[in-house]
Amino acid sequence: MDTKIIGQGYNLKADTSLAKELIEQFNSERYDSFTCLVAFASYGGISALTPYIKKEKSRGVKVKVILGIDQKGTSKEALEEVLSWGVESKIYHSSSVNIFHPKIYLFENTDIFTLIVGSNNLTTMGLVKNIECSLLIKDTKGEHTVHSDFYVYWKSILDGVDVNLKTITQELIDRLYDDNLIPAESYRAEKYDNGRDYNLNINDSNRIIFNDVKIQRNPEGFVPKRRQINAKRITQTKIDSDQSQSAITVIEESLLINSEEVLIAEIGGGPRWKQVNFPVGIFENFFGAERGNNSYNIELINIAHDGSLGEVEVRQAVSVRSHNYRFELHCAETDGTYPGNNKRPIGLFVKIDNGQFLYQVLHHKHSAYDKIKKYLYAESSVRRQNELRRLIVHVEALHALYPELLT
């Protein structure tokens, strides 16, 4: 018997994760069946395994997937992606107060098996980014082994005869969604993937401060499907000599968001209001700047309200002794006069990757302004009247509020 610990998310130098281990097992092509019993699944986690499952199917590998849907931990989109695999797939759910909570991954062939049991759900966070731990056991098959004990204990579920099992179909998914038993991915991600216990409106002297840690990056070959911004960029202008008019050539671009974080921020007034100020916690933890270091730059790309992309703006991180931490914005919405404190503009900052951000500024007449402002005021907290509101959310939360921006 061979065993090993699969740690994840803590000792980043080890560069281990369950996603990396699953990919290694799939790529070994030594197994003819794969079975998993997992509590929660997200669209990102499932979609990242899609190419490996399809490759295994093409080799004739038997795949069995059993998922839980308790506590809205599995999304509608995740189940639909599993359905697209065309494998034996079921949900387990009961009306009792206890929940279906295993995280088991089993690879088998005629002679040997590899069993992985631990804390990792079938989500992007669970497979790579959360601090997790699993135990891998590799051994030969036989009576009175871990393998045989596994099949004895889970027999009714593995045989598909348990009364609380239901085969995943589109009709079942739609009914579960209509009955509010499974959520949209935007809800599931905001509830489970945001990972923050409080908003980063720092300067609260009564708050217990915990340090940030670096988040583990996805291993090679683990590519969750993510939200994209499909935008237009003006690339060329030609002059039509006959009509003396400009013919503008426009192309579609899709920008992949490699981060889950979005900042929703009210923008304060003043004669130089395009110099947008942030609390030091957001300045450092979201934008990656450092107080007192004015040599740090970020890259900003504006999304105009017609969906077109601006050019890359390289902006200096400015921090001064008066505890003022800011970046400057230049777009059509910041060119005019400040609309007033009762109509504060709202900036949306979508992190593409470290040091790279998309942004859009909304004025009070924008169709998404009222919905986003209502959400911002409901979810953020302030210590004094007229304090600017800021909130860091999961990208799926912004998509639910403003689907036109992210597709």
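Here the structure is a predicted model, which is why all the values come from computation and not from measurement. (Residues numbered from 1 in each chain as written. Predicted model: local features only at pLDDT ≥ 70, side-chain atom pairs only at ≥ 80, totals over all residues. Heavy atoms only, no water.)

The next subject is the environment of V320. Mapped onto the secondary structure, V320 falls in strand 15 (residues 318–320). For the pair formed by V320 and N293, sequence separation is 27 residues and the distance between their alpha carbons is 9.4 Å. (Helix = DSSP H or I, 4+ residues; strand = E, 2+ residues; numbered from the N terminus.)

Once that is clear, we can look at the pairing of strand 7 (residues 132–140). Pairing of strand 1 (residues 2–8) with strand 7, which is carried by seven bridges, proceeds in the antiparallel orientation. Bridging across to strand 7, Q8 finds its partner in E132. In the sheet, strand 6 (residues 112–118) pairs with strand 7 via seven bridges, with the strands oriented antiparallel. Within strand 7, the residue paired with T114 across the bridge is K138. (Pairing = 2+ DSSP bridges.)

The six strands are arranged 14-13-18-17-11-19 in an open sheet whose pairing can be described as mixed. Single-partner strands in this sheet number two, and they are strand 14 (309–316) and strand 19 (390–394). The average undirected angle you get between the axes of adjacent strands in this sheet is 25°. Pairing geometry for strand 11 (residues 261–266) and strand 17 (residues 346–353), over five bridges, is antiparallel. If you follow V262 over to strand 17, its bridge partner there is V350. (Axes fitted to C-alpha atoms, helices over the stretch in contact; angles between N-to-C directions.)

Here we have three strands laid out as an open sheet, ordered 12-16-15, and antiparallel in their pairing. Each edge of the open sheet is held by one strand with a lone partner, namely strand 12 (275–277) and strand 15. Neighbour-to-neighbour, the strand axes of the sheet open up by a mean angle of 35°, direction not taken into account. Here strand 12 pairs with strand 16 (residues 324–328) via three bridges, running antiparallel. Looking at strand 16, one finds that N277 is bridged to R326.

Here we come to the packing of aromatic side chains. Enumeration over the complete set of coordinates arrives at 21 aromatic pairs. When the ring of F40 is compared with that of Y192, the centres are 5.4 Å apart and the planes differ by 45°; the resulting orientation is tilted. Of this pair, F40 sits in the loop between strand 2 (33–38) and helix 2 (43–58) while Y192 sits in helix 8 (residues 185–192); the two residues are 152 residues apart in sequence, bridging distant segments of the chain. For Y192, a relative accessible area of 29% translates into the label partly exposed. Between F287 and F357, the ring centres sit 5.0 Å apart and the planes meet at 55°, which makes this aromatic pair tilted. Remark: F357 occurs in strand 18 (residues 356–362) and F287 occurs in the loop between helix 9 (280–285) and strand 13 (297–303); sequence separation between them is 70 residues. Both residues of the pair, F287 and F357, count as buried. Counting every residue linked through ring pairs, the aromatic cluster contains F278, F283, F286, F287, Y325, F327, F349, F357 and Y359. When the ring centre of Y177 is taken as origin, the NZ or CZ atom of K76, which lies over that ring, is 5.7 Å away. A cation over an aromatic ring shows up here: K351 above the ring of F286, its NZ or CZ 5.0 Å from the ring centre. (Phe/Tyr/Trp six-rings, centres within 6.5 Å; stacked < 30°, edge-to-face > 60°. Buried < 20%, exposed > 50% of the residue type's maximum accessible area, 1.4 Å probe, protein only. Lys NZ or Arg CZ within 6 Å of the ring centre and 35° of its normal.)

The next point concerns the packing of helix 1 (residues 18–28) against helix 2. For the pair helix 1 and helix 2, the least separation of the axes is 10 Å and the interaxial angle reads 20°. What the angle tells us is that helix 1 and helix 2 run roughly parallel. Relative to helix 2, the crossing made by helix 1 is left-handed. For the pair formed by helix 1 and helix 2, the contact residues are L22, I23, F26 and N27 on the first element and L49, Y52, I53, K55 and E56 on the second. Of the residues belonging to the contact of helix 1 with helix 2, the class tally is six nonpolar, one polar and two charged. (Parallel < 35°, antiparallel > 145°, perpendicular 65-115°, else oblique. Left-handed = near helix turned anticlockwise from the far one by under 90°. Contact = heavy atoms within 4.5 Å. Nonpolar A, V, L, I, M, F, W, Y, C, P; charged D, E, K, R; others polar.)

Moving on: helix 8. Turning to helix 8, its buried residues number three or more, namely E185, S186, R188 and A189. Seen along its axis, helix 8 keeps its buried residues to an arc of 165°; they face one direction. Where helix 8 is buried, its residues touch helix 2, helix 3 (76–85), strand 19 and helix 11 (395–401). (Arc of directions from axis to C-beta.)

Helix-helix packing is characterised by the crossing angle of the two axes and by the distance between the axes. At a minimum axis separation of 9 Å, helix 2 and helix 3 run at an interaxial angle of 5°. Classified by the angle between their axes, helix 2 and helix 3 sit roughly parallel to one another. Seen from helix 2, the contacting residues are Y43, I46, S47, L49, T50, I53, K54 and K57; seen from helix 3, they are E77, A78, E81, V82, S84 and W85. A per-class count over the contact of helix 2 with helix 3 returns seven nonpolar, three polar and four charged.

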